[in-house]
Amino acid sequence: MCAKLLKEIEEEVTEFLSGLIRINTTNPPGNEIAAAKYTAKALEKDGFKCELFESSPGRGSVVTRLRGTGEKPSLLLLSHLDVVAANPKEWSVDPFGGVVKDGFVWGRGALDMKGMTAVEVTTMRLLKRNNVKLKGDVILAATADEEKGGEAGAGWLVKNHAKKIVADYVLNEGGGLAIPIGGRNVYTVQTAEKGILWLRIRAKGRPGHGSVPGAADNAIMRMNKVIEKLGNHRSKITLVPTVSQFLNTVAKEDKLLQQGLTLLLQHPERADQLLDVMAQQDKYMAEEIRARLRMTITPTMICGGVKENIIPSECEAVLDCRVLPGQTPEQALREIKELLMDIGLDKLEFEIIQASEPSESSMKTPLYDLILRVLKEFEPDCSAAPILLTGGTDSRFFRNVGSVCYGFHPVRSDTSYSEMQETIHGIDESISIGSLVFGTSVLYSVVERFMA
Ligand SMILES: [Zn+2]
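A. Region of the structure containing the domain arrangement of the protein chain. What the domain assignment reports for the protein chain is domain 1 (3-191 + 359-451) and domain 2 (195-356). Computed from C-alpha atoms alone, the centre-to-centre distance between domain 1 and domain 2 is 31 Å. Contacts between the two partners involve 19 residues from domain 1 and, on the opposite side, 21 residues from domain 2. At the level of secondary structure, the elements contributing two or more residues to the side of domain 1 that touches domain 2 comprise strand E9 (184-193), strand E17 (383-389) and helix H14 (417-423). Take the side of domain 1 that touches domain 2: its biggest share by element is five residues, from E17. Its residues assigned to classes, the side of domain 1 that touches domain 2 shows seven nonpolar, eight polar and four charged.

What follows is the structure, encoded as structure tokens:
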């Protein structure tokens, strides 16, 4: 792209993102409608007609479409408008100030994922402005509620307005972040994500006076055993194809990691030992790989007791359990119950809060190949690898109805991969203006060539 166009992109995408961050869409309550209207207004400047949808008052999503001739499959550029909470006291800038300084845009959502909304909106505007002749429809949807599961956003739209939003291909969050390895970048493309089981366990007991511990049956002590058992459990290692390919790519790039990763690929049963060694160098990377090798169970909430001197008869804990492609939430529940057998299932109650299956898209598609080619053009010595996301995204709603979905928000490695990952849902989240321009340029090239 020429210098003038790059400058134009830079101003547009930065200003749009800064304004979007200033609209506080912390979910709950979300109140995404304000952000949906703001997005629509920006698109309308280039003549787009946008539709606003509300699953309930305030829970707004925006959808618009560029029509193609229908000779090629359709493509949806997806993002979510809501963000998780941010505590201003912990941040060095106002998380909802949309601050632009030191070449970065700062604020909650900069990476997850208002930054990609900005990149996608700018891409749409450029496609229209440049009068690109599209052979398939390009749809943009910026939706509510992803951070609470998406049922009031993308999930609701797929269920109630499928014609407006469902496309053959979907580009969404979950990948695209560069991992700098051995001086070169490995860009990730999310092709799969784990399934979710959010589970509440209630331990039962018999109440009594706190001064005579032996006479009662303390539910907190029972829960203590449950947490101890589940929190430390390492489930069986399973190497799914996406993860093997990812590890293969990383092993090729890094001489230091090569030996460890090659061993891991050959002897997955020794993965934990090898990852313990790797964690001494890069803890985040090692732990992320570990979580991609197995079902995980994480205690996330606990609550029990009513008064200082009463031995409680009930204690509740919530577990965030994630299953691999090929596994099901039901399987996870069975495994959990088996583990707790010797603690006594008769004194434990299980309640499923939310469950969703893992989802996966094939890497053998023209869009995946094109993403790789375009990245190479922008950065000849980079490589790309598919990843299995340990978390979940709205992509699953679309994979469930047959769309091919990739997580691909191209972001350069301005800081280390771990540092960047830790600001997501963390403190001082930011994205560089360079990354916004790079992201827009790459995405625009991909969409233009895929659809024209
Ligand atoms: Zn997100």
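B. Inspection of unusual backbone geometry at higher detail. With an omega of 0°, the peptide bond running from Pro 28 to Pro 29 counts as cis. Following Asp 112, the chain continues into Met 113 via a peptide bond in cis, with omega recorded as -15°. Relative to the helices and strands, Met 113 is located in the loop between strand E5 (104-106) and helix H3 (114-129). With phi around 55°, Asn 131 is a residue other than glycine that occupies positive phi space. Within the secondary structure, Asn 131 sits in the loop between H3 and strand E6 (138-143). On the neighbour-count criterion, Asn 131 (7 C-beta atoms within 10 Å) is exposed. A positive phi angle, close to 55°, is found at Asp 428, a residue other than glycine. In this fold, Asp 428 is placed in the loop between H14 and strand E19 (430-432).

C. Molecular detail of the sheet that holds strand E10 (residues 195-204). A sheet is described by the order of its strands in space; here four strands give the open sequence E12-E14-E10-E15, paired in antiparallel fashion. With partners counted over all chains shown, the strands left at the sheet margins are strand E12 (296-304) and strand E15 (348-356), one partner each. In this sheet, neighbouring strand axes are inclined to one another by 20° on average, regardless of whether the strands run parallel or antiparallel. Pairing geometry for E10 and E15, over eight bridges, is antiparallel. Across the sheet, the residue bridging to Leu 199 is Ile 352, located in E15. Here helix H6 (residues 219-231) sits on the sheet in contact with E10, E12 and strand E14 (314-323), set at roughly 15° to E14.

D. Region of the structure containing the nonpolar core. In terms of nonpolar packing, the biggest core is built from 104 residues, with Leu 76, Ile 139, Ala 141, Ile 371 and Val 447 touching the most fellow members. The greatest single-element share of this core, amounting to 10 residues, is contributed by helix H15 (residues 433-451). Both domains that meet at this core, namely domain 1 (3-191 + 359-451) and domain 2 (195-356), each give it at least three residues. The residues touching Leu 76, leaving out its near neighbours within four places in the chain, are Ile 139, Ala 141, Ile 165, Ala 167 and Val 170.

E. How the structure looks around the packing of helix H1 (residues 3-22) against H3. It is at 9 Å that the axes of H1 and H3 come closest, and there the two elements cross at 135°. Relative to H3, the element H1 lies oblique. Of the two possible hands of crossing, H1 and H3 adopt the one that is right-handed. On H3, the residues that touch Ile 9, Glu 12, Val 13, Phe 16, Leu 17, Leu 20 and Ile 21 of H1 are Lys 114, Gly 115, Thr 117, Ala 118, Val 119, Val 121 and Thr 122. Residue composition of the contact of H1 with H3, by class: nine nonpolar, three polar and two charged.

F. Quick peek at the sheet that holds E5. Read from one edge of the open sheet, three strands run E4-E5-E19, paired in antiparallel fashion. The open sheet has two edge strands with one neighbour each: strand E4 (100-101) and E19. As defined by bridge partners, E5 adjoins E19 across three bridges and the pair is classed as antiparallel. Pairing of Val 105 across the sheet is with Ile 431, part of E19. Seen against the sheet, H15 touches E5 and E19 and runs at an angle of roughly 70° to E19.

G. Representation of the pairing of strand E3 (residues 75-80) in the model. Counting buried residues in E3 gives six out of six residues, a clear majority hidden from the surface. Side chains Leu 75, Leu 77 and Ser 79 of E3 all project onto a buried face; the interleaved residues Leu 76, Leu 78 and His 80 project onto the opposite face, where all are buried too. Relative to E6, E3 is paired through six bridges, and the arrangement is parallel. Across the sheet, His 80 pairs through a bridge with Thr 143, a residue of E6. Bridge count between E3 and strand E7 (residues 169-172): three bridges; the pairing is parallel.

How each quantity is defined
Residues numbered from 1 in each chain as written. Predicted model: local features only at pLDDT ≥ 70, side-chain atom pairs only at ≥ 80, totals over all residues. Domains from an automatic or database assignment. Contact = placed C-beta atoms within 7 Å. Helix = DSSP H or I, 4+ residues; strand = E, 2+ residues; numbered from the N terminus. Nonpolar A, V, L, I, M, F, W, Y, C, P; charged D, E, K, R; others polar. Buried ≥ 20, exposed ≤ 12 C-beta atoms within 10 Å, placed from the backbone. Pairing = 2+ DSSP bridges. Axes fitted to C-alpha atoms, helices over the stretch in contact; angles between N-to-C directions. Core = buried A, V, L, I, M, F, W, Y, C linked by C-beta atoms within 7 Å. Parallel < 35°, antiparallel > 145°, perpendicular 65-115°, else oblique. Left-handed = near helix turned anticlockwise from the far one by under 90°.

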